[in-house]
Amino acid sequence: MNMRIFFSILLTCITIAVNCQQTEFSGKIMNSKAIGIPNSSVYLLNTNLGTTTDAQGNFSFKDIPPGNYEVQVSSIGFATLNKEVFVRKAGKQVAEFRLADANLQLEAVLVSAEKKEAFLQKVPLSITAIAARQVKDYRLWSSNELTAIVPNLYSASSGDDRNVTGIRGIATTSYDPAVATYIDGVNQFSLDTYMPQLSDVERIEILRGPQGTLYGRNAMGGVINIITKQPGNKMSGFAEINIGNYNRQRYSAGIRMPVLKNKLFLGVSFMYDKRDGYYKNAFYNNSFDRRNGFMGNYYLKFLPTSKWSVVLNVKHQNTRNDGAFPMVFGVDESFADPFVLRQNAIAKMIDNSLNSSLSINFTGSKFNVSSQTAYQSNYRYYNNPLDGDFSEYDAVTVINNYGKDWNNVKVITEELKFSNATNSASKLKWTLGTYLFKQDNPTKQATHFGNDAILVVGAPDINFSTINTTKGKSSGIAFFGQATYAITNKLSAIAGLRYDYEKKAYNVLGQYQKDPDPNPQFDTRPDTSASASFNAVSPKFGLSYELNKNSDLFITYSRGYRTGGLTALSSDPSQPPLYPYKPEFSNNIEAGIKNNLLNNRLRLNITAFFTTVTDAQVPTLILPDAVTITKNAGKLTSKGIELELAATPLKGLEIDYNFGYTDAKYKNLKLSQSGSNADLDGKRQLFTPESTSLLALQYSYAFGKNKKVKLVARGEWFYLGQQYFDLVNNIRQPDYSLFNVRFGVATKYVSLMFWGRNLADKKHIAYAYDFGAVHLADPKTYGLTLSTDF
């Protein structure tokens, strides 16, 4: 046989074989009256496959591998729908999806809590998911505004936007967080390198309880997972203008568009924010904590084939803060004259953060692979000496402006992950991966003692500085895996394991400098180095059971881990540097039930938990350096309950109620104070309200031609139980309530809303240091928002 004829026959046979296996999945998206909905989005979870419907509401996916898929369907004005479908091996398959009006049904929520996309109510975890529309309804501009929206979550800062966040009594007390924050899959590695501002958000997922198996280090309390909107084939965008009291101005805009249809996509968004200070500096008779900031988020997405995707993402946040620490000594003094302080040293905090990542994903017929390489940096300094005594006296100032070689944190991370094929019909679903990081953290800071130093802080001299220099480096690697096996159609078993290894190396130098000579005269601490390594094993076990198609039970055991470290250099001779402290571990058991009732008009989730923490890392703030020394000094237990309810009982009426109760106490805590040991057993954990409660009511009334115009009214009641800000439990914030409103008019593309927050102007503590400096939470604020989405 002629070779040309042979290859022609072979090619024909291959073509016939391939065509015989071609699979087409088509369908139609309709409203309740069976009328097609144009421009609806259809997406197959955990793939690169997405499309929009034509003018009649039709869509089609061609040449997709057969198997099981989860489909998400969404359209403006309708409740998002999630549905499981089975695509047959060959031929054309047609499906119909009917979307309910957004005022008649709850949104079906998509989450990626287990590092793969899934439906919220089917994930056996305690998760709060806040969709894009809810981000607007709550008027969320910063991650610390999640307080009480999420049961048992509290978040606040001392005024410098470095949020201390705790969940279930597991609170951040050092630069190693207890609650990990991820933005578009990138771990915001420390309090230096994360971005608290929220803009162009697709959804926010908050995972409560230890998430060490999949998320690793510093996820003891949970994970905040922020996902921003990515570009696709459908052009979309937004613009928003906010004007409020305290000269609040916030402008944001963005656009997402295809550059080459089905191949190359671009997304760009910006946000500029400014306001006058909430505090008044009586020493100079001016506003103290004025701030402004600019944020950008840029996407470039490339799909070389339907199986591959490459995403380049760059984010930056640049903040300027005239008075980063608006604090007053003493609780009584803070409330006697609220939002008034006296500081003589005024410095502007300049804070520049960069977050970039390259993600490569492959969706195969046997397994999926994803890689994400990220680079983060933060350069943060004060342009002038910063007031370190929070008073009008020339006692203590802090200096850290030594150029870009110092106080410039840099982190490189890499996560490589494998998982079962998206269309797999196997009873076993699995994820395997590895995570690597390297951090460079060079810090240099001087504590200057002025003319009043002897009088105010008892310094041995005046007009001198102690300069502390630390070159810190850390690196680590982790291996993890988690699997779910369907024992029966209703019962599944969950098992996971992670191993983390980390090494830290510090080099410290202490120097003394006497004014007016700008050069150090001698070393107070010779150049000294030390290193320490830590490792941890984080297992997870659990069961989930489907009571019926609307209700699921789960029970899990998981272990949490917060990395160890080396103590920092300070001016206190009783606190020597470079002493290692051990990792902190937690053991957590939780059980819960998830219900989706009344034809998706009622969602009710209830969880109970019990946590023990061993080798608890307890912070001690060393003054006047403002350096935190961490020691393993206690054992903590935390137990409680959480409830989340969402309902649409009537057309246009939405009800959300979230409640959390936490009983977090130290069972063993002995600290050295004033030369003696203090027994603090039974004291309550810091930054942990005994209870959190949120009730939100929103009513929308549609009118006009085709009822395309809506009047919207929303009210929110927050209640937080008493909490403490020092280990001795002397600095106490009693329980309090906050009231927020939002109302206005909205069309399909444009809305005008009035908003007000803390309308009763309740004065309460947001943050306090254990030595007594107090920062009050935001006062009453209000404003207008004009926005458009297209």
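Read on for a plain summary of the structure. (Residues numbered from 1 in each chain as written. Predicted model: local features only at pLDDT ≥ 70, side-chain atom pairs only at ≥ 80, totals over all residues. Heavy atoms only, no water.)

**A few points about the sheet that holds strand E16 (residues 201-208)**
For sheets, the rule is that strands pair by backbone hydrogen bonds, running either parallel or antiparallel. Spatially, E10-E16-E17-E14-E15 is the arrangement adopted by the 5 strands of the open sheet, whose pairing is mixed. Here the strands that pair on one side only, and so sit at the sheet edges, are strand E10 (127-131) and strand E15 (186-187). Pairing geometry for strand E14 (residues 179-183) and E15, over 2 bridges, is antiparallel. When the bridges of E15 are listed, Ile183 appears paired with Val186. (Pairing = 2+ DSSP bridges. Helix = DSSP H or I, 4+ residues; strand = E, 2+ residues; numbered from the N terminus.)

**Section: the pairing of strand E50 (residues 765-768)**
By the bridge criterion, 3 bridges tie E50 to strand E51 (residues 773-776) in an arrangement that is antiparallel. Bridging across to E51, Ile765 finds its partner in Leu776. Counting the residues in the hairpin turn of E50 and E51 gives 4 residues, including Gly772, whose phi is positive at 115°.

**Comments concerning the side chain of Thr563**
With respect to the element layout, Thr563 can be found in the loop between strand E36 (551-562) and strand E37 (565-566). Discounting chain neighbours no more than four positions away, the residues touching Thr563 are Asp176, Arg217, Asn218, Glu502, Lys504, Phe534, Tyr581, Pro583 and Gln617. (Contact = heavy atoms within 4.5 Å.)

**Description of the nonpolar core**
The biggest cluster of nonpolar side chains holds 71 residues, and the ones touching the most others in it are Leu140, Ile204 and Ile206. Of all the elements, E50 adds the most residues to this core, at 4 residues. Apart from residues lying up to four places away in sequence, Ile204 is in contact with Thr128, Ala129, Ile130, Val135, Leu140, Leu146, Leu198, Ile224, Asn225 and Ile226. Phe61, Ile64, Val71 and Val87 belong to the second-largest nonpolar core, a separate cluster that totals 19 residues. (Core = buried A, V, L, I, M, F, W, Y, C linked by side-chain atoms within 4.5 Å. Buried < 20%, exposed > 50% of the residue type's maximum accessible area, 1.4 Å probe, protein only.)

**Some details on the packing of aromatic side chains**
Evaluation of the coordinates by the stated rule reveals 28 aromatic pairs. Note on Phe59 and Phe61: the rings are 6.0 Å apart at their centroids and 65° apart in plane angle, and the pair reads as edge-to-face. Here the two residues Phe59 and Phe61 agree in accessibility, since each one is buried. An aromatic cluster is built from Phe329, Phe390, Phe687, Phe725, Tyr767, Tyr769 and Phe771, whose rings are joined through pairwise contacts. Positioned above the aromatic ring of Phe437, the side-chain terminus of Arg217 is 5.0 Å from the ring centre. (Phe/Tyr/Trp six-rings, centres within 6.5 Å; stacked < 30°, edge-to-face > 60°. Lys NZ or Arg CZ within 6 Å of the ring centre and 35° of its normal.)

**Considerations on the pattern of salt bridges**
Inspection of every chain in the model, using the stated rule, returns 35 salt bridges. Across the pair Glu642 and Arg168 runs a salt bridge whose closest N-O atoms are separated by 2.9 Å. Taken as a pair, Glu642 in strand E41 (residues 627-647) and Arg168 in the loop between strand E12 (164-167) and strand E13 (170-171) lie far apart in primary sequence, 474 residues in all. For Glu392, the salt bridge is made with Arg342, and the minimal N-O distance between the two is 3.8 Å. One end of the pair, Glu392, is in the loop between strand E29 (386-387) and strand E30 (396-399); the other, Arg342, is in the loop between strand E26 (340-341) and strand E27 (348-363), and 50 residues separate them in sequence. Overlapping salt bridges, with partners in common, bring together Arg168, Arg208, Glu590, Glu642 and Glu644 in one network. (Salt bridge = Lys/Arg side-chain N within 4 Å of Asp/Glu carboxyl O.)

**A look at the environment of Phe362**
In this structure, Phe362 sits in strand E27. Judged by its relative accessible area of 21%, Phe362 falls in the partly exposed class. Distance in space between the C-alpha atoms of Phe362 and Arg88 is 22 Å, their sequence separation being 274 residues. Look past the residues within four positions of Phe362 in its chain and what remains in contact with it is Lys307, Trp308, Phe367, Asn368 and Val369.

**Comments concerning the pairing of strand E31 (residues 408-420)**
The pairing of strand E28 (residues 367-382) with E31 spans 13 bridges and is classified as antiparallel. Along E31, the bridge assignment pairs Asn378 with Val409. In terms of strand pairing, E31 meets strand E32 (residues 428-449) through 10 bridges, oriented antiparallel. Within E32, the position partnered with Lys417 by the bridge is Gly433.

**A closer look at unusual backbone geometry**
The omega angle of the peptide bond from Asp515 to Pro516 is 5°, so this bond is cis rather than trans. By the element assignment, Pro516 lies in the loop between strand E34 (491-514) and strand E35 (522-548). Phi angles above zero are rare outside glycine, and Asn247 is one such case at about 55°. By relative accessible area, which is 33% here, Asn247 ends up partly exposed. Phi is positive for Leu578, which is not a glycine, with a value near 65°. Tracing the backbone through its elements, the reader meets Leu578 in the loop between E37 and strand E38 (580-581). A relative accessible area of 11% places Leu578 in the buried class.

**Quick look at the sheet that holds strand E5 (residues 67-74)**
Ordered by their spatial adjacency, 4 strands build an open sheet running E3-E2-E5-E6, and the pairing between neighbours is antiparallel. Two strands in the sheet have a free side with no partner beyond their single neighbour: strand E3 (50-52) and strand E6 (81-87). With strand direction ignored, the average angle separating the axes of adjacent strands in the sheet is 25°. With 3 bridges joining them, strand E2 (residues 41-44) and E3 adopt antiparallel strand pairing. The residue bridging Val42 from the neighbouring strand is Thr51, located in E3. (Axes fitted to C-alpha atoms, helices over the stretch in contact; angles between N-to-C directions.)

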